[in-house]
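Commentary on secondary and tertiary structure
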Amino acid sequence: MSDSHDSSDFIKYLVNLFKIVGGVLVVGTVITVVIDIAFPLSLAWAAVIGLSIALVKASFVVAIFMHYKWDKKLIMITWTMLITFFFFAGMMGLIMWADGDAPNLARNQMPAIWVVLASLLGVLLPASFTVLTVKLLSEPAPIEAAEPKVGRPTKKKS
Amino acid sequence: MEIPYTVKPRPDTGLYNAKLGIWLFLASEVMLFGALFSSYVLLRVGAEPGTWSMGLMDIYVGAGNTMVLIASSMFVVLAWAQLKQGNLAGYKKWKWATIACAVLFLMVKWSYEWPSKFAHYDVWLNDAKVLHEKFEKGYYESASHIEPGGAEHGNTDAHGDDVEKYIEVIYTTRFFKESSDKSKTEFKKAWENGTLALSGHINSYEEAQIDFSITRWNADFGVSKADATKVLAKFSEDKVDELLQDGGELYQKTDYETAKLAEYALGQAGFTVALSVAGYETIKKHPWMWGTKRVNEDIGGKPRVKSLVFGLDETHHKEITLDVEDIKRLSAYEPKHSTFFGIYYTITGLHALHVFGGILVMLYNMLPIGLALWHKDREQYTNRIETFGLFWHFVDLVWIFLFPILYIL
């Protein structure tokens, strides 16, 4: 974190943010457990939903707890995160591919409404988490001193 | 020479040295765990149906541990925020809370999750049909209550479908979670061809009692008579001279461990010994990690262990007695049990090692030797705590992905 973010008001703002993120992580875990217990999902859907929620939780940890939101300058971190994202996306794809051409929504016969609800949840949860993430990240800190703009030198100056 | 940017960030990257270093380290960690995660996925996807234990993990324990790690992740960042405000006492409070969470996480793993697996067994039978006969002895009653229609078969019909149905329920929960056409086909196959893994707990076993006698002592073995006497004196108090001269009985009905120890030690001292099975004794203590090799070890043509009393189901109270000759393979839920447990212990073990390392670093930072930096240069100490926090969040991150993968898929 750079010097401009050392003011005590900013730290107070951060502490609140940390607590919110902690709450989000707990809620994400609870949702994962509830989905696993309440809905008998196929391997493919369990993978998609479970890993989507994990991905959202992970992005909160990286963005807020690891202050990536304020450290974006480091291009290497960005690359690590991007590669990780593609890796897990590929992982989900692999599992879905292995389980069949089209994912089976349920392992055995059950009322259609549950299947629809489960798939809706599977889409809505990650989506709402993502929206929340973006909202939190784009919200400016209350006190943010003007940073001196320093360009990243691409060539070594002799 | 003064090293630049140990405290102040480098203007072009916006990072001080340690932070750049820790991010590079974390990048390498991502690759390490990435390789393990993708191995897990490939093994999971390539597993034959009915070989991947899905119903074994207790999701509530896993979720509880996730909560503990989330809490510790939050505490470590709150500790850092306290330091930023110059409040050392507040920092210490949160840091101890973090350490407590980390220790709790490891305790759950070390004293509950792993050991309880080591005490559970799978047994593969040469022919699953012997179960019909085994169930007849004392198991019929519970087996007949599986479904309301079961009792109609009458008490003479223990060889009917009840046993198979009962075992199928256990098998399906374990490997498929829910019953389906696929699970039914797989169960039939497993029942027929001997790949059926029956899970349970060894409640007691019949172990051989061994008669141990010394045949003779070889004078030209290369051990002096004085040394041989010394060795023999460890096993026999009064008959040393007699045994050395003529041989004879050393132990009657002793236990296996004692007999094998004596066999080895006396063999090294030039004695020829003979072991024979005198009878069998029921032992109730819990055996620690048993394999078929140990069960099948023969003494004088008789198995060392004659039979096992195996507790089935989640309660382990419904017992069946299995004869050793019916057992094809017996294995605790240890790494060599199957691919699943191999990769499970590898990944969770490596993660636990990271947690343990984190605890050591946190303790160091709390000791006077670590705190000396705070008194010397507050900003540098705060940065050190921040970089540790980055590592700790990464450990939390790994668990965030491990949780759904291990407990849900």
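Residues numbered from 1 in each chain as written. Chains lettered and ligands numbered in written order. Predicted model: local features only at pLDDT ≥ 70, side-chain atom pairs only at ≥ 80, totals over all residues.

1. Concerning the overall build of chain B
If you tally the helices and strands in chain B, you get 14 helices and 9 strands. At 30 Å, chain B has a C-alpha radius of gyration far larger than the 22 Å of a compact globule built from 409 residues. By principal-axis analysis of the C-alpha atoms, chain B measures approximately 85 × 75 × 35 Å. Burial analysis of chain B (409 residues in total) assigns 33% to the buried set. (Helix = DSSP H or I, 4+ residues; strand = E, 2+ residues; numbered from the N terminus. Rg over C-alpha atoms; globule rule 2.2 N^0.38 Å. Buried ≥ 20, exposed ≤ 12 C-beta atoms within 10 Å, placed from the backbone.)

2. Section: the overall build of chain A
Along its length, chain A carries 4 helices and 0 strands. If you list the helices and strands of chain A from N to C, you get α-α-α-α. A burial count over chain A gives 32% of its 158 residues as buried. Summarising the internal contacts of chain A: among those between residues at least 6 apart in sequence, 82% fall at separations of at least 24. (Contact = placed C-beta atoms within 7 Å.)

3. Description of the confidence of the model for chain A
Confidence in the prediction of chain A, expressed as mean pLDDT, is 68, and 41% of residues score 70 or more. Element-level mean pLDDT values for chain A span from 61 in helix 4 (residues 112-138) of chain A up to 87 in helix 1 (residues 8-38) of chain A. (pLDDT = per-residue confidence, 0-100.)

4. Focus: helix 2 (residues 59-84) of chain B
Residues and elements named next belong to chain B. Between its first and last C-alpha, helix 2 extends 38 Å over 26 residues, near the 38 Å set by a 1.5 Å rise per residue. Extensive coverage of helix 2 is indicated by the burial of 21 of its 26 residues. In the segment just after helix 2, glycine 86 is the residue with positive phi, at about 80°. (Expected span 1.5 Å × (residues − 1).)

5. A few points about helix 7 (residues 181-193) of chain B
Residue and element names in this part refer to chain B. With 13 residues, helix 7 should cover 18 Å at 1.5 Å per step; its first-to-last C-alpha distance of 19 Å lies within 8% of that length. If you check which residues of helix 7 are buried, you get Ser183, Glu186, Phe187 and Ala190. Viewed along the axis of helix 7, the buried residues span an arc of 105°, placing them on a single side of the element. The exposed set on the far side of helix 7, more than 90 degrees from its buried face, consists of Asp181, Thr185, Glu192 and Asn193. (Arc of directions from axis to C-beta.)

6. Some remarks on the environment of valine 305 of chain B
All names here are of chain B. The topology assignment puts valine 305 in strand 7 (residues 305-312). By the C-beta count within 10 Å, which is 23 here, valine 305 ends up buried. The spacing of valine 305 and lysine 225 is 80 residues in sequence and 36 Å in space, taken between C-alpha atoms. Dropping the residues within four chain positions of it, valine 305 is found in contact with Tyr205, Glu206, Glu207, Val295 and Val324.

7. Considering the pairing of strand 1 (residues 121-125) of chain B
Working note: regular strand, side chains alternate between the two faces of the sheet. Residues and elements named next belong to chain B. Residues Tyr121, Val123 and Leu125 of strand 1 are buried on one face, while the alternating residues Asp122 and Trp124, pointing to the opposite face, are not. The pairing of strand 1 with strand 9 (residues 327-332) spans 5 bridges and is classified as antiparallel. Bridging across to strand 9, tryptophan 124 finds its partner in arginine 329. (Pairing = 2+ DSSP bridges.)

8. Some thoughts on the domain arrangement of chain B
Domain annotation for chain B reports domain 1 (31-119 + 337-407), domain 2 (124-199) and domain 3 (203-327). Just the C-alpha atoms count here: the centres of domain 1 of chain B and domain 3 of chain B sit 45 Å apart. (Domains from an automatic or database assignment.)

9. A look at the confidence of the model for chain B
Residues and elements named next belong to chain B. Chain-level pLDDT for chain B is 84 on average; 92% of the residues reach the 70-or-more range. For chain B, helix 5 (residues 140-143) is the element with the lowest average pLDDT, namely 47, and helix 12 (residues 339-366) is the one with the highest, namely 94. Within the model, the stretch residues 138-160 combines pLDDT values under 50 with 25 contacts to residues more than four positions away or in other chains. Interface predicted TM-score (ipTM) for the complex: 0.71; the corresponding pTM is 0.75.

10. Some words on the environment of valine 130 of chain B
Residue and element names in this part refer to chain B. Take valine 130: it is sitting in helix 4 (residues 130-136). Taking the number of C-beta atoms within 10 Å as the measure of exposure, valine 130 has 16 and is therefore partly exposed. For the pair formed by valine 130 and aspartate 326, sequence separation is 196 residues and the distance between their alpha carbons is 7.8 Å. Not counting residues within four places of it along the chain, the set of residues in contact with valine 130 comprises Leu125 and Asp326.

11. What about unusual backbone geometry?
The backbone of tyrosine 5 of chain B shows a phi angle near 60°, a positive value even though the residue is not glycine. As for its position among the elements, tyrosine 5 of chain B is in the segment before helix 1 (17-46).

12. A look at the packing of helix 2 (residues 43-65) of chain A against helix 14 (residues 378-407) of chain B
Any two packed helices are characterised by the angle at which their axes cross and by the distance between the axes. It is the contact of helix 2 of chain A with helix 14 of chain B, at a shortest axis distance of 8 Å, that shows an interaxial angle of 170°. The angle between helix 2 of chain A and helix 14 of chain B places the two elements in the roughly antiparallel class. Contact residues: helix 2 of chain A offers Gly50, Leu51, Ala54, Lys57, Ala58, Val61 and Phe65 of chain A, while helix 14 of chain B offers His393, Asp396, Leu397, Ile400, Phe401 and Pro404 of chain B. Classifying every residue of the contact of helix 2 of chain A with helix 14 of chain B by side-chain character gives 9 nonpolar, 2 polar and 2 charged. (Axes fitted to C-alpha atoms, helices over the stretch in contact; angles between N-to-C directions. Parallel < 35°, antiparallel > 145°, perpendicular 65-115°, else oblique. Nonpolar A, V, L, I, M, F, W, Y, C, P; charged D, E, K, R; others polar.)

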